[in-house]
Amino acid sequence: MSYKVITISRQYCTGGGEIGKRLAEKLGIACYDREIIAKVAAESGLCEKFVEEKSEYGNKVAIDAFFLTGMYYNAPSIEDNIWTIQHKLIEDIAEREPCVIVGRCADYILRNRTDVMNVFLHADLKYRIERLKLETDAKILDPERFLKEKDKRRSAYVQFYTDMKWGDSKNYDITLDAGTVGTEKCVQIIADLYNGKCGESQSVL
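How each quantity is defined
Residues numbered from 1 in each chain as written. Predicted model: local features only at pLDDT ≥ 70, side-chain atom pairs only at ≥ 80, totals over all residues. Heavy atoms only, no water. Helix = DSSP H or I, 4+ residues; strand = E, 2+ residues; numbered from the N terminus. Buried < 20%, exposed > 50% of the residue type's maximum accessible area, 1.4 Å probe, protein only. Polar contact = N/O pair within 3.5 Å; in protein donor to acceptor, adjacent residues only side chain to side chain. Contact = heavy atoms within 4.5 Å. 1 Å grid on protein atoms, 1.4 Å probe; cavity = no way out; pocket = protein on both sides within 12 Å on 5 of 7 lines; lining within 4 Å. Points joined across faces, edges and corners; volume = space filled by probe spheres on them. Salt bridge = Lys/Arg side-chain N within 4 Å of Asp/Glu carboxyl O.

So what exactly am I meant to see when it comes to the side chain of Asp-115 here?
For Asp-115, the location among the structural elements is in the loop between helix 6 (106–109) and strand 4 (116–122). The buried category is assigned to Asp-115, whose relative accessible area is 16%. A distance of 2.9 Å separates a polar atom in the side chain of Asp-115 from a polar atom in the side chain of Arg-113. Among residues more than four places away in sequence, those in contact with Asp-115 are Ser-2, Tyr-3, Lys-4 and Val-5.

Written as structure tokens, this is what we have:
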């Protein structure tokens, strides 16, 4: 299998952004993480913080209502417009150059390409809570509840826009426990797979 693009999906605070950046540097290719947020913000006229929230978590009220009632209103929302812009940007990026794309449902958006490797990163709560403390200045009173809520909303967003089950190993070429494996080893494993130095599909749980 010859790969051009790597997508990284991840639980919150598993170091996906760091792993994506280091991986891209190791492979000598581009990495798109917050760059996509900036591009969507520029094209939509919305602020980056708003785009960052809505491009992976969506409108909580609308998504909750959808899963509760099964009804979806046809009038496009701001979140739908963000999704449309994001979708086109990611398609254009993948067509243009080899790269790593972190989050933003890139695995689904690029599902029809045969040159994309899809990665999912997970870790236990203890590891993620420690990363959360290091990565944020905000005082979070209940970090476990905070992380579980983030995961729940990200999962609902993915299912809402893609009808895929977020985190299901069948949807990825490789899943890695970032806490157990460690950042550097995750980078090495994914790089080896990208370069054809190991099997085509594996799970490190």
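Explain the environment of Asp-177 to me, please; I cannot follow it from the model alone.
Its place among the elements puts Asp-177 in strand 5 (residues 174–177). Expressed as a C-alpha distance, the spacing of Asp-177 and Asp-124, which sit 53 residues apart in the sequence, is 8.1 Å. At 3.0 Å, the side chain of Asp-177 forms a polar contact with the backbone nitrogen of Thr-180.

Mind showing me how you'd approach the layout of surface pockets here?
Taking a probe equal in size to a water molecule and rolling it over the atoms shows the remaining empty space. Estimates place the volume of the largest pocket at around 780 Å³. Looking at the largest pocket, it is lined by 34 residues, and the ones nearest its centre are Arg-10, Tyr-12, Asp-33, Arg-34 and Glu-52. When contributions to the lining of the largest pocket are tallied by element, the ones reaching two or more residues are helix 1 (16–27), helix 2 (34–44), helix 3 (48–54), helix 7 (125–135) and helix 8 (143–162). Looking at the lining of the largest pocket, the element that brings in the most residues is helix 1, giving six residues.

Any chance you could explain the pattern of salt bridges here in plain terms?
Pairing between side chains of opposite charge can happen when their charged atoms approach one another. Across all of its chains, the model carries 13 salt bridges by this definition. A salt bridge links Lys-88 to Asp-92; its shortest N-O distance comes to 2.9 Å. Taken together, the positions of Lys-88 and Asp-92, both in helix 5 (residues 78–96) and four residues apart, correspond to about one turn of that helix. On the basis of relative accessible area, Lys-88 is assigned to the partly exposed category, the value being 49%. Residues Glu-144 and Lys-148 are paired through a salt bridge, measuring 3.1 Å at the closest nitrogen-oxygen approach. Taken together, the residues span about one helical turn, with Glu-144 and Lys-148 both in helix 8 at a distance of four residues. Exposure remark for Glu-144: the relative accessible area of 35% places this residue in the partly exposed category. The exposure class of Lys-148 is partly exposed, given its relative accessible area of 45%.

Nothing here speaks to function; it is geometry throughout.
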